Amino acid sequence: MKQREISAAVIRRLPRYYRYLGELLQNDVVRISSKELSNRMRVTASQIRQDLNNFGGFGQQGYGYNVEYLHSEIGKILGLDVQHNMIIIGAGNLGQALANYNFEKVGFNLIGIFDTNPRLKGVSVRGIEIYMMDMLDEFVATHQVDVVTLTVPKRQAVEIGHHLEEIGIRAIWNFAPTDLNVSEDVCVKNVHLNESLMTLSYEYRAMHTQDEESGRD
Ligand code: NAI
């Protein structure tokens, strides 16, 4: 399928469609109307139709969407139809928590974890070994590493980012609270959990302010 320019907002919504459709598939649901999908996902049916029309629709009038087909097409758009090898750099609290999570489910295979702390040398997390950083270059040269998850302290992150670019890494999932300052050849996705928490704080406060105001009437 030929992909045209798609807005960032639509792309951001696709993982959620993918997740819901995956759940439907697990529950052996064969097809779903945009109305039903909209009830489950709490977005309007017209938003769903509009979003999916970006990719040629996938739906059929009077039939709705074929769940398996839509799930696999969205998976292809998101690049989840291919497997990616991932390593984690920084095996502290967050790095180990992420290593314990099964990202293989969405096609990201964890093949190594790296740290500088000698106490972690040879320790395994979910069967995956923690190597020392001086092994990194050789590891990257001898393994296909597609994505690096970066969970090191902020002050080390920028330097490591540069080094990763030098050794040919082209995708970094960055959890360190800093911009990495790598070239445009490297795809970086920053994750900031506290930004999500701040949005929650805002919405929670807005909700309470509304309650208080309506209580006053
Ligand atoms: P931590 O201190 O438990 O772990 C950091 C690990 O990095 C340690 O094991 C340390 O030995 C290792 N390390 C230090 N220098 C290194 C280097 N040059 N090369 C390889 N490994 C190195 O810290 P924690 O709590 O796991 O946090 C890690 C990072 O993630 C921090 O930058 C923190 O601010 C960030 N963080 C981000 C969140 C987010 O939402 N984006 C949420 C929580 C933490």
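Computed from a predicted model, the values in this text were never measured in an experiment.

**What to know about the UniProt feature "binding site: NAD(+)" (unreviewed entry) in the protein**
As annotated by UniProt and renumbered to match this structure, "binding site: NAD(+)" (unreviewed entry) occupies G90, A91, G92, N93, L94 and G95. A91 has contacts with Q96, I113, F114, D115, L120 and I130, leaving out every residue within four places of it along the chain. Within the fold, N93 resides in helix α5 (residues 93-100).

**What to know about unusual backbone geometry**
Positive phi values are uncommon outside glycine, yet D28 reaches one of about 60°. Residue placement: D28 occurs in the loop between α1 (8-26) and β1 (31-32). On the basis of relative accessibility, which here comes to 67%, the residue D28 falls in the exposed class. A positive phi is found at R126, a non-glycine position, where the angle reads about 50°.

**A few points about the site of the ligand**
The ligand sits among 22 residues. The nearest are L94, D115, V152, V191 and L193. N93 is positioned with one of its backbone polar atoms (N or O) 2.9 Å from an oxygen atom of the ligand. At 2.7 Å, a backbone N or O of L94 approaches an oxygen atom of the ligand. Taken by itself the ligand offers 860 Å² of open surface, and the protein chains cover 72% of this. Those elements that provide at least two residues to the shell around the ligand are α5 and α7 (154-166). It is α7 that contributes the most residues to the shell around the ligand, three residues altogether. Here the shell around the ligand is composed, by residue class, of 12 nonpolar, eight polar and two charged.

What counts as what
- Note on numbering: residues in each chain are counted from 1, in written sequence order.
- pLDDT decides what is reported in this predicted model: residues at 70 or higher carry local features, side-chain atom pairs at 80 or more are listed and counted, and totals for whole chains, interfaces and linings draw on all residues regardless.
- Water and hydrogen atoms play no part in the side-chain values, which are based on all heavy atoms of the structure.
- UniProt positions are given in the numbering used here, feature names are shortened, and annotations may be inferred rather than shown by experiment.
- Throughout, a contact is declared for two residues whenever any of their heavy atoms are within 4.5 Å.
- We count a stretch as a helix when DSSP gives it H or I for four or more residues in a row; a strand needs E for two or more, and each element gets its number in order from the N terminus.
- Working definition: with a 1.4 Å probe on protein chains only, accessible area under 20% of the residue-type maximum means buried, over 50% means exposed, and in between means partly exposed.
- Near is defined per residue: the residue qualifies when any heavy atom it owns lies within 4 Å of the molecule or strand.
- Polar contact criterion, stated in full: a pair of N or O atoms within 3.5 Å, where within protein one must be able to donate a hydrogen and the other to accept it, and residues adjacent in sequence count only if both atoms are side-chain atoms.
- The protein chains shown are the only cover counted for residues, whose accessible areas, like all others here, come from Shrake-Rupley with a 1.4 Å probe.
- The classification used treats Ala, Val, Leu, Ile, Met, Phe, Trp, Tyr, Cys and Pro as nonpolar, Asp, Glu, Lys and Arg as charged, and all other residues, Gly among them, as polar.

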